[in-house]
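Working through the structure, step by step
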Amino acid sequence: MIEAAAHEAPDLIVAPMLKIAIPTEVYARTRCLIVHPGVKGDRGPSSLDWAITNHERAWGVTILEAAEDFDAGPIWASPEFALDSDPSSKSSLYRGPVTEAALRGVLEAIARIETGEVQSGGWRPEPFSEAMSYARGRLRPPMKQVDRSIDWEKDSAASIIRKVRAADSAPGVLSTLLGVDCFLYGAHEEDRFKGSPGHILARRDGAICIGVVDGAVWISHLKAKSDQAHTDICRLAQMGVGCDRCAEEFCVASGIKLPATQVLGPLLRDAPEKPLPIDAPDDHRTFREIVYREDDKVGYLSFDFYNGAMSTAQCKRLRDAFLYARSRPTRVIVLLGGRDFWSNGIHLNVIEASANPADESWRNINAMDDLVHEVINTMSQFVIAGMRGNAGAGGAILALAADQIFARPNVVLNPHYRSMGELFGSEYWTYLLPKRVGQAKALELTQSCQPLGAKTAREIGFLDDVFGEDVETFENELRLRAMELAHGPQYRSSILQKLERRIDAELTKPLANYRAEELDRMRVNFFGPDRAYHEARRRFVFKGNPPTRLAAEPASLIRRSHTSKISREPQVAAREGAHQASARHPFELQSARPLEEDRSSLNMAQAWVNLLQVTIRRLFATAP
């Protein structure tokens, strides 16, 4: 930090996320403003944790100048915001109101410097000691697990949910379930199930329902306590046997945050599955990842996956849900990701915990491709992507499969893969991204690996429009636009134009060719000799500190009898293609190849076009 500050010699340093003190050598030479996620006078590393736990009705962000004492420098700004009685998780608050308040505070502080108020003495930051004479904030100790502990026999559902959300996404709440010590994440209310406190009552889509004194709560994710994982859960570890002898598809002893049912595994054999149809009435509180509803010729398909990650199973369920939505007599389908995240692509935690990460990576990316393929080829309805939250990697590309894309102003996009160990990516990005922003900009986005703000994304054509000061305003405006599209006089002609564009694109270069070229590069990433992707994934999953595996070889190189058929073909192709892939520019887009060079592709494309023509006649020949 000292060397960087000396080398860059900035006029101002802003620290939005600070875990260590700024050295005296830095703030003595350059003004440093620190963003603290607490109200004026608040100090300590667990500000939001305490705010949620203590039922605070309002909270804020304080912009302080660096000083000798942590969080005790002069105060430059202190914007506040309301906290709901039923608060979001700590991480959700960080991404939402905390970030928005921090921006307001930092811009206010910078404006005072730019106008010369500070230099002229017309304004000065408030000394911390003066603020403490009236401020409601105070020094709070770090929140420990003893402060978060759950008493299943006494705590109400609301209390347990508040405790979990105050620790989500880190560090989680330590508890014991079925004899396993694990950290709890992703708490949801349940209004109908009831049972003995602490007993697991049901399972659904990876989550578990646990009885409490006044009802039940859902917990979507768990993480086995690291120092217990290989002794109490894994029988092979108890016998001193390494991971290479394991026949399980997923490692329950990994110490990775995973869907709860995956962590507890066979211990849940007596807990019944309680599925809920995606179009079930929204008449009670419960855990639902995918919800479908209709309103006057518009279908709304919402999917809210924890942290935006989509496992193989989740991709398949979402694809099935989309196909159901497409079968309905609607004119527009609106895709709504979660409020925090639209989607972040493949599920790296589930991949890392699998017995064979390379195989699971391959399954996951193909499941994502299958989903995107169906969205692209929807010819019976318009598809709108409504991005309430951030998106990254293949999740950002998923939105591009829609016909129109709208987002909130504070949405941040990361439409690239390269930072994950030079991962090439798929999801038809080599077709969808250049179609939206042009080939040059597509290469720039995928190579630079820089975040893309919503307003800039609109300017370059990635998004069609940006609107909505908050989620509710965005949803209301999105609904109006979808209704206008569904009932507009140009609907049928617009659908025909959409079909014609898709046919022209397919004749130029079939979608199958884009997918094949992308997956050729992904085979090399997953199964080739360069392990950059696997190493980057492990660092990401374990926050930069991956543990040592029990086996001498990486688990992704271990082959079990029932997965060998999956692994062999991609591995052979990866070995054969590794040299050619490395010889090309790592993110080179393949130019459209004349169809005369590939007669089989021409035949396939012509058959596809013929099918579309039949579909068009059936859809519109008898239209009023």
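Rules of the game
Residues numbered from 1 in each chain as written. Predicted model: local features only at pLDDT ≥ 70, side-chain atom pairs only at ≥ 80, totals over all residues. Heavy atoms only, no water. Pairing = 2+ DSSP bridges. Helix = DSSP H or I, 4+ residues; strand = E, 2+ residues; numbered from the N terminus. Buried < 20%, exposed > 50% of the residue type's maximum accessible area, 1.4 Å probe, protein only. Polar contact = N/O pair within 3.5 Å; in protein donor to acceptor, adjacent residues only side chain to side chain. Contact = heavy atoms within 4.5 Å. Axes fitted to C-alpha atoms, helices over the stretch in contact; angles between N-to-C directions. Parallel < 35°, antiparallel > 145°, perpendicular 65-115°, else oblique. Left-handed = near helix turned anticlockwise from the far one by under 90°. Nonpolar A, V, L, I, M, F, W, Y, C, P; charged D, E, K, R; others polar. Phe/Tyr/Trp six-rings, centres within 6.5 Å; stacked < 30°, edge-to-face > 60°.

**Considerations on the sheet that holds strand 14 (residues 298-303)**
One open sheet holds the 6 strands; their spatial order is 13-14-15-17-19-22, and the pairing between them is mixed. Strands with a single pairing partner mark the edges of an open sheet, and in this sheet they are strand 13 (290-294) and strand 22 (465-466).

**Quick word on the side chain of Ser-47**
With respect to the helices and strands, the residue Ser-47 is situated in helix 3 (residues 47-53). Using a relative accessible area of 3% as the deciding quantity, one classes Ser-47 as buried. A polar contact of 3.3 Å, which involves the side chain of Ser-47, links it to the backbone oxygen of Gly-44. Sequence-distant contacts of Ser-47, defined by excluding residues within four places in its chain, comprise His-36, Pro-37, Gly-38, Asp-42 and Trp-59.

**Topic: the sheet that holds strand 2 (residues 31-36)**
Sheet strands pair via backbone hydrogen bonds, and the direction of the pair is either parallel or antiparallel. As summarised here, the arrangement of the 4 strands in space is 1-2-4-5, forming an open sheet in which the pairing is mixed. Looking along the sheet, the strands with just one partner apiece sit at the ends: strand 1 (12-15) and strand 5 (75-77). Strand-to-strand twist of the sheet, defined as the mean angle between neighbouring strand axes without regard to direction, takes the value 30°. Alignment of strand 4 (residues 62-65) against strand 5, held across 2 bridges, turns out to be antiparallel.

**Here's the deal with the packing of helix 16 (residues 429-437) against helix 17 (residues 439-448)**
Relative to each other, helix 16 and helix 17 sit at 120°, their axes nearing to 7 Å. It follows that helix 16 is oblique to helix 17 by the angle criterion. Regarding helix 16 and helix 17, the two cross each other, and that crossing is right-handed. Residue-level inspection shows Trp-429, Leu-433, Pro-434 and Val-437 of helix 16 in contact with helix 17, the latter providing Gln-439, Lys-441, Ala-442, Leu-445 and Thr-446. When its residues are assigned to classes, the contact of helix 16 with helix 17 shows 6 nonpolar, 2 polar and 1 charged.

**Quick word on the packing of aromatic side chains**
Under the criterion given, the structure shown has 16 aromatic pairs. For the ring pair Phe-467 and Phe-474, a centre distance of 5.0 Å and an interplane angle of 25° mean the geometry is stacked. Across this residue pair, the class does not change: Phe-467 and Phe-474 are buried. Centroid distance Phe-526 to Phe-527: 6.4 Å. Interplanar angle 80°. Geometry classified as edge-to-face. Residue Phe-526 is classed as buried on the basis of its relative accessible area of 2%. Residue classification places Phe-527 among the buried residues on the basis of a relative accessible area of 8%.

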